[in-house]
Amino acid sequence: MRVLVVEDNAGFAEGLRLGLEAEGIAVDHAANGPDGLWHTQENEYDAVILDIMLPGLSGYSVCRSMREAGNWTPVIMLTAKDGEWDEVEGLDTGADDYLTKPFSFAVLLARLRALVRRGARERPTVLTAGDLRLDPASRKVWRGDVFIELTTREYTVLEFLLRNAGVVVTKRQMLDDIWNTDFEGDPNIVEVYVRHLRNKLDRPFGRDSIETVRGAGYRLAADGG
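What you see is a predicted model, and the numbers here were worked out from it, not measured in a lab. Going along each chain's sequence as written, the residues are numbered from 1 onward. Local features in a predicted model are, by the rule used here, given only for residues with pLDDT of at least 70; side-chain atom pairs are given and counted only at 80 or more, and totals for whole chains, interfaces and linings are based on all residues. To get the side-chain values, all heavy atoms of the structure are used, and hydrogens and water are removed first.

### Details of the pattern of salt bridges
Pairs can form between side chains of opposite charge once their charged atoms are near each other.
(1) Moving on: In what follows, salt bridge is the name for a side-chain nitrogen of Lys or Arg lying within 4 Å of a carboxyl oxygen of Asp or Glu. All chains considered together, the criterion is met by 16 salt bridges.
(2) Moving on: The partner of Arg143 in a salt bridge is Asp131, with the nearest N and O atoms 2.8 Å apart. Here the residue Arg143 occupies a position in strand β8 (residues 140–143), and Asp131 occupies one in the loop between β6 (127–129) and β7 (132–135), the gap between them amounting to twelve residues. Here a strand is any run of E in DSSP of at least two residues, a helix any run of H or I of at least four, and the numbering for each starts at the N terminus.

### As for the sheet that holds β6
(1) Moving on: Paired strands, in this sense, are two strands between which DSSP finds at least two bridges. The strand order across the open sheet formed by four strands is β6-β7-β8-β9, and the pairing between neighbours is antiparallel. Every other strand in the sheet has two partners, leaving β6 and β9 (146–148) as the edge strands with one partner each. When strand polarity is set aside, the average angle formed by the axes of neighbouring strands in this sheet is 20°.
(2) Moving on: The pairing of β7 with β8 spans four bridges and is classified as antiparallel. Within β8, the position partnered with Asp135 by the bridge is Lys140.
(3) Moving on: Against the sheet, helix α6 (residues 152–163) touches β6, β7 and β8, its axis set at about 115° to β7. Lines fitted to C-alpha atoms define the axes here, with helix axes fitted over just the stretch in contact, and angles between the N-to-C directions of these axes take values from 0 to 180 degrees. Residues count as neighbours in contact if any of their non-hydrogen atoms are within 4.5 Å of one another.

### Notes on the UniProt feature "modified residue: 4-aspartylphosphate" (unreviewed entry) in the protein chain
(1) Moving on: In the numbering used here, UniProt assigns the "modified residue: 4-aspartylphosphate" (unreviewed entry) feature to Asp51.
(2) Moving on: Setting aside residues no more than four positions away along its own chain, Asp51 makes contact with Val6, Glu7, Asp8, Gly59, Leu78, Thr79 and Lys101. UniProt positions are given in the numbering used here, feature names are shortened, and annotations may be inferred rather than shown by experiment.

### Structural notes on the pairing of strand β10 (residues 210–213)
For a regular strand, side chains alternate in direction, first toward one face of the sheet and then toward the other.
(1) Moving on: Taken together, the four bridges between β10 and strand β11 (residues 217–220) define a ladder with antiparallel strand orientation. Each bridged residue has a counterpart across the sheet, and for Ile210 the counterpart in β11 is Leu220.
(2) Moving on: The turn joining β10 and β11, which pair antiparallel and follow one another in sequence, is formed by three residues; a positive phi near 80° is taken by Gly215.

### A closer look at helix α8 (residues 189–202)
(1) Moving on: The terminal C-alpha atoms of α8, which comprises 14 residues, lie 19 Å apart, in line with the 20 Å expected from a rise of 1.5 Å per residue.
(2) Moving on: Those residues of α8 that fall on the buried side of the exposure criterion are Val190, Tyr193, Val194, Leu197, Arg198, Leu201 and Asp202. One face of α8 carries all of its buried residues, which in axial projection span an arc of 145°. Here a helix's expected span is defined as the number of its residues, less one, multiplied by 1.5 Å. Exposure classes here rest on a 1.4 Å probe applied to the protein chains alone. A residue is buried below 20% of its type maximum, exposed above 50%, and partly exposed in between. Here the arc refers to the set of directions running from the helix axis out to each C-beta atom.

### Here we look at unusual backbone geometry
(1) Moving on: Residues Lys101 and Pro102 are joined by a peptide bond in cis, for which omega reads -5°.
(2) Moving on: Structurally, Pro102 can be placed in the loop between β5 (97–100) and α5 (105–118).

### Some words on the environment of Pro34
(1) Moving on: If you trace the backbone, Pro34 turns up in helix α2 (residues 33–42).
(2) Moving on: Considering only alpha carbons, one finds Pro34 and Gly59, 25 residues apart in sequence, at a separation of 9.8 Å.
(3) Moving on: If we skip the residues at most four places from it in the chain, Pro34 touches Pro55, Gly56 and Leu57.

### Quick look at the packing of aromatic side chains
(1) Moving on: Side-chain rings of Phe, Tyr and Trp, where Trp is taken by its six-membered ring, are said to pair if the distance between their centres is within 6.5 Å; with planes under 30 degrees apart they count as stacked, over 60 as edge-to-face, and otherwise as tilted. Under the definition given, this model contains two aromatic pairs.
(2) Moving on: With centroids separated by 5.9 Å and ring planes inclined at 90°, the aromatic side chains of Phe12 and Phe103 adopt a geometry described as edge-to-face. Highlighted residues: Phe12 in helix α1 (residues 10–22) and Phe103 in the loop between β5 and α5, separated in sequence by 91 residues.
(3) Moving on: Exposure remark for Phe103: the relative accessible area of 21% places this residue in the partly exposed category.
(4) Moving on: On the basis of an interplanar angle of 65° and a centroid distance of 6.4 Å, the ring pair of Trp142 and Phe147 is categorised as edge-to-face.
(5) Moving on: Given a relative accessible area of 18%, Trp142 falls into the buried group.
(6) Moving on: A relative accessible area of 43% places Phe147 in the partly exposed class.
(7) Moving on: A ring is considered to have a charge above it if a Lys NZ or an Arg CZ atom is located within 6 Å of its centre and within 35 degrees of its normal. In this structure, Lys101 is placed above the aromatic ring of Phe12, and the distance from its NZ or CZ to the ring centre is 4.6 Å.

Right, here's the structure in full:
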């Protein structure tokens, strides 16, 4: 097994290297984000152990760049942060697992071996409806050749609609899937985000892809409108 460790704390990185090599694992080390990204572009690894707080490029940026380039080598993110949104951001950028420092080396080793057994994931299929495209790997959206910038919630609503293109979905289904089943706020929040998407995806292009089905919900046209 060959592993890349991207970690700017020299002592911590050396401890990881010694521990991994004692298990028969070959280790390369990068001390900053740009060097770590370069290693992933120039070499093949079974896994990458990637710190989040790095000089030059954050671990989030390194992981996102890997995925955008089609590199699906398993990534374990390491961080001193312990907020749930840090974990969410790490996983959303394409990481496969997440460990908060301090952690047990035995746990890291077990998770590393589990990821390697599973192997690299395949790049997610790009979702399309006519000339409307959403790439789950890069979390980017285009209408034709025009890149459209969406907020995180707008992106999530559009992804749900695209995965159900041509099908009528109710507000309740959208609330349960996108917000969560415990959502107790104003259900009209769905209308707000549908309006945002229409203003970004449809009106500037003279399209009408998101149809309101009176008394039922919404339907995204399978042909993109």
